[in-house]
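Chains, contacts and geometry: an overview
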Amino acid sequence: MSGEASGQAPGRRLLLVVACALLDADGRVLIAQRPEGKSLAGLWEFPGGKVEAGESPEAALIRELAEELGIVTWESCLAPLTFASHAYEDFHLVMPLFVCRRYEGIPAAREGQALKWARPKALRDYPMPPADAPLIAHLIDLVEPGR
Ligand SMILES: Nc1nc2c([nH]c(=O)n2[C@H]2C[C@H](O)[C@@H](COP(=O)(O)OP(=O)(O)OP(=O)(O)O)O2)c(=O)[nH]1
């Protein structure tokens, strides 16, 4: 039943974005700074982007990692970790977060974004989109448990 049919106010539209915690051998995670001119400019985020019509989340992430960072990875190298669900002003974001430890190539900024390898515990020192805050604890538990 739609929101209107059920008598509820229609909600925000759902936006499906897929993101990746790319990990290096030292357990650091790659974050990228959103460039000027985009929404949430200046904030640090996990690489990824919108899932296009007809695309699976995994295929979208493989495409985004190639476009943004010039790396190649495979569905078998993407492990689901957790997801974000956050109400922004204009839409409700649902964002699965995958972990990837195996890929080919050296991540390089293909879209002018600044990149940083950060320890999961240090992620709180970087301003991130509000949707991302609850994800950090999951990464710490995965990479630096008990520390
Ligand atoms: N890739 C990514 N996007 C995130 C994160 N956290 C978060 O709220 N987002 C939001 C920001 C954007 O609204 C959307 C990602 O879409 P996108 O990166 O393809 O969007 P875009 O910049 O091309 O377009 P737009 O935001 O200007 O509409 O998800 C994150 O950690 N990684």
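The shown structure was predicted, so the numbers you read here are calculated from the model rather than taken from an experiment. (Residues numbered from 1 in each chain as written. Predicted model: local features only at pLDDT ≥ 70, side-chain atom pairs only at ≥ 80, totals over all residues.)

1. Structural notes on the overall build of the protein
- Within the protein, the regular secondary structure consists of 2 helices and 7 strands.
- Computed over C-alpha atoms, the radius of gyration of the protein comes to 16 Å, within 12% of the 15 Å expected from 2.2 N^0.38 for 147 residues, which places it in the range of a compact globule.
- Relative to its full complement of 147 residues, the protein shows a buried share of 26%.
- Here the contacts in the protein between residues at least 6 apart in sequence split such that 63% fall between residues at least 24 apart. (Helix = DSSP H or I, 4+ residues; strand = E, 2+ residues; numbered from the N terminus. Rg over C-alpha atoms; globule rule 2.2 N^0.38 Å. Buried ≥ 20, exposed ≤ 12 C-beta atoms within 10 Å, placed from the backbone. Contact = placed C-beta atoms within 7 Å.)

2. What to know about the nonpolar core
- Residues A19, C20, A21, L22, V29, L61 and L97 are the most contacted members of the largest nonpolar core, which totals 28 residues.
- Ranked by the residues each element gives to this core, the list is headed by strand β1 (residues 13-22), at 6 residues.
- Sequence-distant contacts of A19, defined by excluding residues within four places in its chain, comprise F46, P47, G48, M95 and L97. (Core = buried A, V, L, I, M, F, W, Y, C linked by C-beta atoms within 7 Å.)

3. As for the pairing of strand β2 (residues 29-33)
- Most of β2 is tucked away: 4 of the 5 residues are buried.
- Bridge analysis of β2 against strand β7 (residues 115-118) gives 4 bridges, and the strand direction is antiparallel. Bridge assignment links L30 to a residue of β7, and that residue is W117. (Pairing = 2+ DSSP bridges.)

4. Examining the UniProt feature "domain: Nudix hydrolase" (unreviewed entry) in the protein
- In the numbering used here, UniProt assigns the feature "domain: Nudix hydrolase" (unreviewed entry) to residues 13-144.
- End-to-end, the C-alpha atoms of residues 13-144 are 36 Å apart, and along that stretch the chain is 18% helix and 33% strand. (UniProt positions renumbered as here; feature names shortened; annotations may be inferred.)

5. Brief notes about the site of the ligand
- Within the structure, the ligand sits among 14 residues, and E45, G48, G49, P129 and A131 are positioned closest to it.
- For the shell around the ligand, the secondary-structure elements that each account for two or more residues are β1 and β4 (48-50).
- Here the element with the most residues in the shell around the ligand is β4; it accounts for 3 residues.
- In terms of residue class, the shell around the ligand is built from 7 nonpolar, 3 polar and 4 charged. (Near = placed C-beta within 6 Å. Nonpolar A, V, L, I, M, F, W, Y, C, P; charged D, E, K, R; others polar.)

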